[in-house]
Amino acid sequence: MSERRTWTRRRLLASGAVGATAGLGGCLSRFTNQQNENADLSISDFRGSGPMVESRSAPGGTSMDDLPDLDGTLQVYLGGGEGGLYENLVRLLERKYSNFTAKVRMAPSTQLANEIIEVEKGGDSSADVFWSIDSTSLGLVADAGITTELPQRVVKPVPEGFRAGDRSWVGVAGRARSIPYNTDEFSESDLPNKIGQFTKNAGLKGAMGWAPTYGAFKSFVTAMRLLEGPEKTKQWLRGMQNQNISRYPDEFQVSNAVADGEITAGFANHYYALRVIASRENAPIDLAFTKNDAGALVNVSGCEIIQGTDQKELAADFVRHLLSAEAQEFFATRTFAYPTVPEVPPVGPLPTVDKLQPPQIDLSKLSNLEPTLKLMREVGVL
Amino acid sequence: MAASDRVRETAATFGDDGESPPVSLVLLAGSVAALVAFPVVWLVLRSLEIGLQQALDLLFQPSTLEVVTNSVALVAGVTLGSILIGVPLAVLTVQTDLPFRRFWTVVVSLPLVVPSYIGAFAFVSAFGPHGVLSDLLAPLGVESIPTIYGFEGATLVLTLFTYPYVFLTTRAALLSFDGTLMEAARTLNHGRWAAFRKVTLPQIAPGIAAGGLLVALYALSDFGTPAIMHFEVFTQQIYVTMWEPNHAALLSLQLLAFAAVVLALENRVSESEEGAHVSRGSGSVRISLGLWKVPALLFCALVATLCLVVPVGILFMWLTRSDPAYAGGGFDFSWIYGLNSGWVALLAALAATLGALPVAYLSGRSDSRLATLFERASYVGYATPGVVLGLALVYFASSTTPEVLGVELSLHQTIPLLVFAYVVRFLPQAVGAVRSSILQVDPKLTEAARTLGESPGSAFRRVTLPLVKPGVVAGAALVFLTTMKELPATLVLRPTGFETLVTYIWRVQDAGYYGQAAVPALALVGVSALSMLVLLKQDGSLVRREGGKDA
């Protein structure tokens, strides 16, 4: 533990300095940008900051420089988007390619998916690319039959688990389900490594928290329903209620409550704990992962191309850019997400993707939420 | 009562000669009502796509019944709470010798400018587990404080940020209330309380009911506050079924059915309102508070602290905290968003006022069923959750492309469609304000103009309109400031790239970067506060005008 605390403090000190330098660098490159037709952005423009990031070696994968230039105007519908971080990446692309403009429309992912579907029904399409932070809304739009098949060259760098079998969408960043726990109260060995055990462990009674109305949690329950069947899923939800689990409106609050000691462990996406660590010195929080079950689900943020677009080529090249070494490094170091291109490693104390043991599941199926909501309502969780 | 009966009769018949309202006015009011009720037609159509059995299953499943109970409890609690806070404050600031009355009038109206979701965030930040208050109390050995979450918290927060509706409408009713009636009652040996109960209360009941209606429908359609306070209600159920638009539509209809019940209840209370408003206010009657001055001042100060000091204080705390959970995010704030917010809010205020005039005039001058129907129809959109309304309009706009002079005009993602949505949502606020000032204008004045040879239209323009101007401006100000705060419909309908203060607040807060939300939230509160001052100033001129007439 003490090793990690030092790491956190040093990281924070360093991040200030690096941030200042990066800011200055950004201004300078923006200044020189005006003379260049294509601005020369280096990997450091895409990278976040901090000691772990500094010591990272150059990411593998295909560099943007080896991809076709982006040229033209693209309507990007962005579901969610990490408070503007995703949009920042789009603006970096605009800086790199002076002939490229992206019109970004940002709203909650499900709402935007519904908007796209309603508009397509009306026959007046304006979206070229739908980039959503969850596969549920991607599946929702794909199921409506209004996406086009992504070219093979676009999806090739991404392992099969992180893209749709019918190439309707491809994942650009991953989010793992995890168990954030308070390191003052628990060690990793105190926590079960199977999700089913959490309902039976007496030591966890009154100690856990979840956010059942949060989208990521509903995807997790859907995965459990698909893997274990509805009856066992209901039993699990009831079991957790019998453990007197506390409710929160979102998983950042679950993770904060863990670090506060309000609860000792919770169910949350992995990056929230990293954000808690980044925001407070010595936050007593770490992550555990279950194995081969819904508790270890890795969900993705991904892209699909909308059928009605007249910008198919540009849209495909845009998605390829999101899968480039530079963009993947951006997701890893600035949003703490899992890169979906295996040549780019995740950040900090995270186990690499191959150490995680996610369940075998078709992520597109996670869009089938209605039965999940039904069973969650039946047991009184929703 | 004979006087008020006579007045009602006069109002009902559009003049002593038994003239019925002009056909053009009825048509105009009818088309406004039809226009704003249209999204509900879409909901009905969508709901019909569900089979009957499935619909019944959905409506009667246990969890639906639970959210129904929760919603009804919340609406009742918030409405009652708003009346308990709003009415005493109105009486104190209008009819008593409370020190600094003008100051308190402004201060206790201001909570209306704080979006209730920001209020909820502030309350969780301040009074939630590990919030500011528990951090302050921890060194004193206080281990835990009662939880702010759940029914109590949701009711408290919604009450604190919606009671000004009751305050403002009750205040308006009190200002036009003839104080000499009260004096007459007291000379007949009624005690102060008995006089209030027997004379004042029946006179201001329609005003209270009008404010209570706005509060109840707001509580019914609000999504953010109950969600933040961990209390599950209708709107949340609608949100989780969003990817099944038919189900969401069905639930919305169920919600609208409740709104209809609320509207009917309010209508019964207001039945006798014509008598209430026509009398002239006399600003001269002042009840002396005596020893009650201190508790009265404490009450005002407590409300102001909870509604203004807490949220603004928390926003300043977010602003000054620099750790990455508060700062960070990647999207810079630009003052353009403030201009965008102000611009669409101004358009919405203008459009809503224009739409409100015929509906309010007809309903204020005629007792006919049709007039009542039109007025009530204008409330339907107000009770519809913003996101449901937004999607209805997206569908409409993208399937309808009218051709004008050979050019196809798509309304999809345009400012006119966005402004239309605001009008649908907030028209009743303008109708209410305009209507009550029309009720205060003696129809005889218009008649006089008619006998002098003016046409009905020009009589309205030259006589009625100048007299109802304060109500019109107040209605516009109210629409302006609620539009500034509106989030869900704005997110669905705004043109791509068109960011407003609230859409910016949404995107940084959604990702948890609270510090980034502080500046736009403070700007929002500041700009709305200015429009609130316009609203109160109209009130003031009303008092002066009426007072002058008396003198």
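Residues numbered from 1 in each chain as written. Chains lettered and ligands numbered in written order. Predicted model: local features only at pLDDT ≥ 70, side-chain atom pairs only at ≥ 80, totals over all residues. Heavy atoms only, no water.

(A) Here's a closer look at the overall build of chain A. Regarding its fold elements, chain A presents 14 helices and 12 strands. Considering chain A as a whole, with its 382 residues, one finds that 62% of them fall into the buried category. Restricting to contacts in chain A with at least 6 residues of sequence separation, those with at least 24 account for 80%. Per element, the accessible surface of chain A, about 14100 Å² overall, is 47% carbon and sulfur. (Helix = DSSP H or I, 4+ residues; strand = E, 2+ residues; numbered from the N terminus. Buried < 20%, exposed > 50% of the residue type's maximum accessible area, 1.4 Å probe, protein only. Contact = heavy atoms within 4.5 Å. Areas by Shrake-Rupley, 256 points an atom, 1.4 Å probe, with all protein chains shown as cover.)

(B) A look at the packing of helix α2 (residues 23-48) of chain B against helix α16 (residues 336-365) of chain B. All names here are of chain B. α16 packs onto α2 with a crossing angle of 120 degrees between their chain directions and a minimal axis gap of 8 Å. As the angle between them shows, α2 and α16 are arranged oblique. Along this stretch, α2 crosses α16, giving a crossing that reads as left-handed. Two secondary-structure elements touch here, α2 through Leu25, Val26, Leu28, Ala29 and Val32 and α16 through Gly355, Pro358, Val359, Tyr361 and Leu362. Of the residues that constitute the contact of α2 with α16, the class distribution is nine nonpolar, one polar and no charged. (Axes fitted to C-alpha atoms, helices over the stretch in contact; angles between N-to-C directions. Parallel < 35°, antiparallel > 145°, perpendicular 65-115°, else oblique. Left-handed = near helix turned anticlockwise from the far one by under 90°. Nonpolar A, V, L, I, M, F, W, Y, C, P; charged D, E, K, R; others polar.)

(C) How the structure looks around the nonpolar core. With 281 residues, the main nonpolar core has Trp131, Trp236, Leu237, Phe267 and Phe318 of chain A as its most contacted residues. If near-sequence neighbours (up to four positions away) are discounted, Trp236 of chain A is found in contact with Ile195, Gly196, Thr199, Trp210, Phe217, Phe220, Met224 and Phe267 of chain A. (Core = buried A, V, L, I, M, F, W, Y, C linked by side-chain atoms within 4.5 Å.)

(D) Local environment of the pattern of salt bridges. Within this structure, the stated rule accounts for 20 salt bridges over all chains. As a salt-bridge pair, Arg153 of chain A and Glu313 of chain A come within 3.3 Å of each other at their nearest N and O atoms. Here the residue Arg153 of chain A occupies a position in helix α7 (residues 152-155), and Glu313 of chain A occupies one in helix α12 (residues 312-322), the gap between them amounting to 160 residues. Residue Arg153 of chain A is classed as partly exposed on the basis of its relative accessible area, which comes to 36%. Its salt-bridge partner being Asp97 of chain B, residue Lys293 of chain B comes within 3.8 Å of it at the nearest N-O pair. Note that Lys293 of chain B is positioned in helix α15 (residues 293-320) and Asp97 of chain B in the loop between α4 (62-95) and α5 (101-109), a separation of 196 residues in sequence. On the basis of relative accessible area, Lys293 of chain B is assigned to the partly exposed category, the value being 30%. Of the residues examined, Asp97 of chain B reaches a relative accessible area of 27% and is grouped as partly exposed. (Salt bridge = Lys/Arg side-chain N within 4 Å of Asp/Glu carboxyl O.)

(E) Structural context of a nonpolar patch on the surface. Residue and element names in this part refer to chain B. A cluster of nonpolar side chains, namely Val41, Val44, Leu45 and Leu48, defines an oily patch on the protein surface of about 370 Å² accessible area. By secondary structure assignment, the location of Val41 is in helix α2. Exposure remark for Val41: the relative accessible area of 47% places this residue in the partly exposed category. (Patch = residues over 30% accessible without salt bridge, like charges linked within 9 Å, V, L, I, M, F, W, Y side chains within 5 Å.)

(F) Quick look at the packing of aromatic side chains. Residues and elements named next belong to chain A. Taken as a whole, this structure holds 26 aromatic pairs over all chains when the rule is applied. Summarising the aromatic geometry, the rings of Phe330 and Phe331 are spaced 6.2 Å apart at their centres and angled 85 degrees between planes, so their arrangement reads as edge-to-face. Assigned by exposure class, Phe330 and Phe331 land together as buried. Among the aromatic residues, those joined into a cluster by ring pairs are Tyr86, Phe100, Trp131, Phe318, Phe330 and Phe331. If you follow Arg275 out to its NZ or CZ, it ends over the ring of Phe252, 4.5 Å from the centre. (Phe/Tyr/Trp six-rings, centres within 6.5 Å; stacked < 30°, edge-to-face > 60°. Lys NZ or Arg CZ within 6 Å of the ring centre and 35° of its normal.)

(G) Geometry of the pairing of strand β3 (residues 129-132) of chain A. All names here are of chain A. The side-chain alternation of β3 yields two buried faces, one formed by Val129 and Trp131 and the other by Phe130 and Ser132. Relative to β3, strand β1 (residues 72-79) is paired through four bridges, and the arrangement is parallel. Bridge assignment links Tyr77 to a residue of β3, and that residue is Phe130. The pairing of β3 with strand β11 (residues 298-306) spans four bridges and is antiparallel. Directly across from Ser132, in β11, lies its bridge partner Gly302. (Pairing = 2+ DSSP bridges.)

(H) Looking closely at unusual backbone geometry. With a phi angle near 55 degrees, Asn292 of chain A is a residue other than glycine that sits in the positive phi range. Looking at the element boundaries, Asn292 of chain A is found in the loop between β10 (285-288) and β11.

(I) Spatial organisation of the packing of helix α6 (residues 116-127) of chain B against α15 of chain B. Residue and element names in this part refer to chain B. For the pair α6 and α15, interaxial distance at closest approach is 9 Å and the crossing angle is 75 degrees. Relative to α15, the element α6 lies roughly perpendicular. Along its contact with α6, which presents Ile118, Phe121, Ala122, Phe123, Ser125, Ala126 and Phe127, the element α15 presents Leu306, Val310, Pro311, Ile314, Leu315 and Trp318. In the contact of α6 with α15, the residues fall into 12 nonpolar, one polar and no charged.

(J) Region of interest: the side chain of His321 of chain A. Residue and element names in this part refer to chain A. Locating His321 in the fold gives a position in helix α12. Relative accessible area serves as the criterion here: at 0%, His321 is assigned to the buried category. Excluding residues within four positions of it along the chain, His321 makes contact with Met64, Leu67, Pro68, Leu70, Leu93, Tyr97 and Ala327.

(K) Inspection of helix α10 (residues 192-221) of chain B at higher detail. At Leu201 of chain B, α10 of chain B is bent by approximately 55 degrees, the largest bend along its length, and proline Pro202 of chain B sits one to four residues beyond. Within α10 of chain B, 22 of the 30 residues are buried, which leaves the element mostly enclosed by the surrounding structure. (Bend = angle between axes of the 7 residues up to and from the residue.)

(L) Spatial organisation of helix α8 (residues 215-228) of chain A. Residues and elements named next belong to chain A. Between its first and last C-alpha, α8 extends 20 Å over 14 residues, near the 20 Å set by a 1.5 Å rise per residue. Most of α8 is tucked away: 10 of the 14 residues are buried. Within the sequence span of α8, burial applies to Ala216, Phe217, Lys218, Ser219, Phe220, Val221, Thr222, Ala223, Met224 and Arg225. Two residues or fewer past α8, Gly229 is found with a positive phi of approximately 95 degrees. (Expected span 1.5 Å × (residues − 1).)

(M) Looking closely at the environment of Ala216 of chain A. Residue and element names in this part refer to chain A. Tracing the chain through its elements places Ala216 in helix α8. The exposure class of Ala216 is buried, given its relative accessible area of 13%. Taking the C-alpha atoms as reference, Ala216 lies 8.2 Å from Asn299; in sequence the two are 83 residues apart.

(N) Quick look at the confidence of the model for chain A. All names here are of chain A. Scored by pLDDT, chain A comes out at a mean of 84, with 87% of its residues at no less than 70. For chain A, the element scoring lowest by mean pLDDT is helix α1 (residues 2-33), at 39; α12 scores highest, at 97. Taken together, the stretch residues 1-37 has pLDDT below 50 and engages in 39 contacts with residues farther than four places along the chain or on a different chain. (pLDDT = per-residue confidence, 0-100.)

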